[in-house]
Amino acid sequence: MKKLRFIIPVFVMAFISVHCSNDDLEVPRDTLNEGGFETLYSFGFNEESGLSTSEGETGTEFTISATGNEVNRMQGVDGNALFFDGLSTTVSGELPTMELPQGLLTISLWTAVKSYPIGTAGMVTLMSQGGNTGAVVGLNKFGRVVVQLYVNGALQTTVASTKSIPRHQWSHITVSIDTKRGVVTTYLNKERIAENNTATGLITWPEGNTQVFIGKNAFGEKMGQFDIDYFSGALDEIRIIKGRPGVADVSTLFSAVNPPATVDFNTEFEFLAEDTNRPIYHPIPDYGWTNEPNGLMYYKGEYHMFYQKNDVFLGIAQQNWGHMKSQDLVTWEDLNNVLWPTSNPYDNFGAWAGDATVDDDGNPVIVYTGVNGVKASIALAVSFDDMQTFEKFEQNPVIAGRPSDVNLDFRDPFIWKEGNTWYMIVGAGIGGVGGNTVLYASNDLYNWDDSYQGVFFQGQMAEGEGEFWEVPIVHKFPNGKYLFLVQKTPDHTSPARTFYWIGDFNGQEFIPDHQEAKDFEVVNGFLSPTVTVDAQGRTTAIGIIPDEVSPGFQQQAGWAHLFSLPQVWELNANNKLKITPHPNVSEYRGEMREYSSISLTPEEGNYLNESGRHYELNATLNTGSAEKVGFVLGRSDDGAEQLKVYYDVAAQEWVIDASQSSLAEGARKDIRRGSYPVAAGENVDVRIFVDGSVLEVFINGEDHFTGRFFPTLPSADGIELFVEGGNATAENVKIWEMQSSTN
């Protein structure tokens, strides 16, 4: 990196020398540099590896810290750049205060923003943590440059631009702070985009050394236990400058490098690949937090799935829409986010869940919940480049808020078309009565004025159906019957739960064939499915299987939640929903071990002596005279960790006993049950998928349940059968190692 220095004419120096002889006048250290500028410190991040980086002018080593003690580098604008994960990555060290200017300070940097923060993220922070001296050039939740600095000991905060820094592309930012004139000037890609007032006086610096953070702010903004002031994206070619560059100087800084046309964020973390609790053949984002999948569709030969995403906070806040694509519904590529909160008054607190479809002109359209901190509304976004990007509809919100006949929340639209009419249902509820969904209709998908049709279907709290419903879906099967599925939100009576009805739709409301809701799962755990029809015409769905662990557990892991395997949904002859694994999952089977017939007795054990963390297990069980029969999974050599999945004959229930499944603090360790009748002597076909910490069980080719478990011991990978209270048999036991889908 070349050191840039502009020489000041001798007569100016002579004048200032005389001017400074007045002992009664306090003169900034940088007065001699007015009219020019000098690079004091720089960071190029061109190291190939390691947990440190060298400041370019003095060679001072700065420490890089991150979750898993792992630092990712990527192609920058000049050699390498440093990738900041938005959750933990920080460069830290100290610089001598005596060199830092008191009146003319400029920060120049290149950045490729991945996600906007929840708080104010520091890009370059010259300030001790929680201190009251120094300066910060950062980014707010809308991607606007923010300058925070202490002038004469008082904090000054300036939102230095009304223009958001673009995401997913390289941008050059120069911020020039002139506290003698009281002006902050901001340049984006050599264009001056803002000039703002600030206090006049001297920038306040600490005695001795100044703490430096790159990629994090120092004001300690938190949400719960999580810091929300980390930067997300890449930084390169940072310069801390004494002086005030002019427009031509900024253009010189901009032209000094040749940034690549595209940005390839390096989100492949070795510590995540080595995490044995992380799945290898279930869909999961590269890192960070995820929630409900939305808008699964088959489009131009590929499957696309959107999802609620947050890669700067492991929880719900400032929701983005993540985006994945796949050729086969099993291997997924995580792409750039396509929606995020903006300063629009309808979605400035989050782009929450919804659905996706293709309009009458063939353009993909997202319908989503815009949240502004007061109420929710419904908005649209359209793609004109095959879902690489989405543009928010100019007439948003298309539905301004909930109708008058519901009085709780209002969110999670689902869209479908019949004939020439587009229908939309939205999750809602009536306090003290029950959850419901409300119906809208449109002729063109974009105009929803006067479109309200009334309540689509009303649930009853008294029947255990909850007070509010979210993420509803409607799907019409080939026999003409409709599935209507919702998720009740957790309340004092029970946790979140997914259930459904089968029935008919008359254009105004849903008419169920059965009054009582049917549980989607035998044992509760799977939530919020998104549904489509695959290339072969099969109704296909994917849902979320949440962790249900403590925030501290998630913070240490660096990721939270995952998606289910793709499922095929069918109706049997009695219009009961059948749930099976999608056939494509079987393509990932590896080596198989087989056991033809096993007699199970309480006195014996060690029937299989198998082990694994990523596998499929098939078996046909006959309960015989047993009280309990099933599987022990994730068992350590000493039995300190083990998960039991079994059928309780007396209770007529499937049971997931995770009470001894983990020694980790904050891991899920409960026992869950679900009713499932099995007649004495009847065979039960069981198909189990274990993938790190996730369990999926399919029963008799029609039913399903899920679980999570988080072993800590290296030997906690045992696979075994067990029986209690009598004898049983296991036939056709097959175990396949499952290959990674490299998602």
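Here the structure is a predicted model, which is why all the values come from computation and not from measurement.

Q: How do you make sense of the overall build of the protein when you look at a structure like this?
A: In terms of helices and strands, the protein carries 4 helices and 53 strands. Relative to the globule expectation of 27 Å for 743 residues, the C-alpha radius of gyration of the protein, 30 Å, shows essentially globular dimensions. Structurally, the protein occupies a C-alpha span of about 105 × 65 × 45 Å along its principal axes. Here the protein holds 743 residues, and the buried ones make up 60% of them. Sequence separation of at least 24 residues holds for 62% of the intrachain contacts in the protein that already meet a minimum separation of 6. Of the roughly 28,100 Å² of accessible surface on the protein, a fraction of 46% belongs to carbon and sulfur atoms. Each charge class in the protein was averaged separately, 49 positive and 96 negative side chains, and the resulting centres sit 4 Å apart.

Q: How should I be thinking about the confidence of the model for the protein in this particular structure?
A: For residues with low pLDDT, the predicted coordinates do not support detailed interpretation. Confidence in the prediction for the protein averages 93 pLDDT; 95% of positions are at 70 or higher. Note on residues 1–27: pLDDT is under 50 here. Beyond four places in sequence and across chains, it has 30 contacts.

Q: Would you take a moment to explain the pattern of salt bridges for this structure?
A: A side chain with one charge can pair with a side chain of the opposite charge if their charged atoms come near. With the rule as written, the count across this model stands at 34 salt bridges. A salt bridge links Asp-703 to Lys-576, with the shortest nitrogen-to-oxygen separation between them at 3.0 Å. Of the two residues, Asp-703 sits in strand β51 (residues 703–708) while Lys-576 sits in the loop between β40 (567–571) and β41 (577–581), which places them 127 residues apart along the sequence. Classification of Asp-703 as buried rests on a relative accessible area of 12%. By relative accessible area, which is 28% here, Lys-576 ends up partly exposed. A salt bridge links Glu-653 to Arg-673, with the shortest nitrogen-to-oxygen separation between them at 3.2 Å. Taken as a pair, Glu-653 in strand β47 (residues 653–657) and Arg-673 in strand β48 (residues 671–675) lie far apart in primary sequence, 20 residues in all. Through salt bridges with shared partners, a single ionic network connects Lys-216, Lys-222, Asp-227 and Asp-229.

Q: Quick question: what am I supposed to make of the sheet that holds strand β3 (residues 61–65) here?
A: Two modes of strand pairing occur in sheets, parallel and antiparallel, and in both the strands are linked by backbone hydrogen bonds. Within the open sheet, the 8 strands sit side by side as β2-β3-β6-β15-β8-β9-β10-β11. Their pairing is antiparallel. Each having just a single partner strand, β2 (52–54) and β11 (154–159) make up the two edges of the open sheet. Going across the sheet, the axis of each strand differs from the next one's by a mean of 20°, ignoring polarity.

Cut-off values and rules
Residues numbered from 1 in each chain as written. Predicted model: local features only at pLDDT ≥ 70, side-chain atom pairs only at ≥ 80, totals over all residues. Heavy atoms only, no water. Helix = DSSP H or I, 4+ residues; strand = E, 2+ residues; numbered from the N terminus. Rg over C-alpha atoms; globule rule 2.2 N^0.38 Å. Buried < 20%, exposed > 50% of the residue type's maximum accessible area, 1.4 Å probe, protein only. Contact = heavy atoms within 4.5 Å. Areas by Shrake-Rupley, 256 points an atom, 1.4 Å probe, with all protein chains shown as cover. Lys, Arg positive; Asp, Glu negative; His and termini not counted. Charge placed at Lys NZ, Arg CZ, Asp CG, Glu CD. pLDDT = per-residue confidence, 0-100. Salt bridge = Lys/Arg side-chain N within 4 Å of Asp/Glu carboxyl O. Pairing = 2+ DSSP bridges. Axes fitted to C-alpha atoms, helices over the stretch in contact; angles between N-to-C directions.

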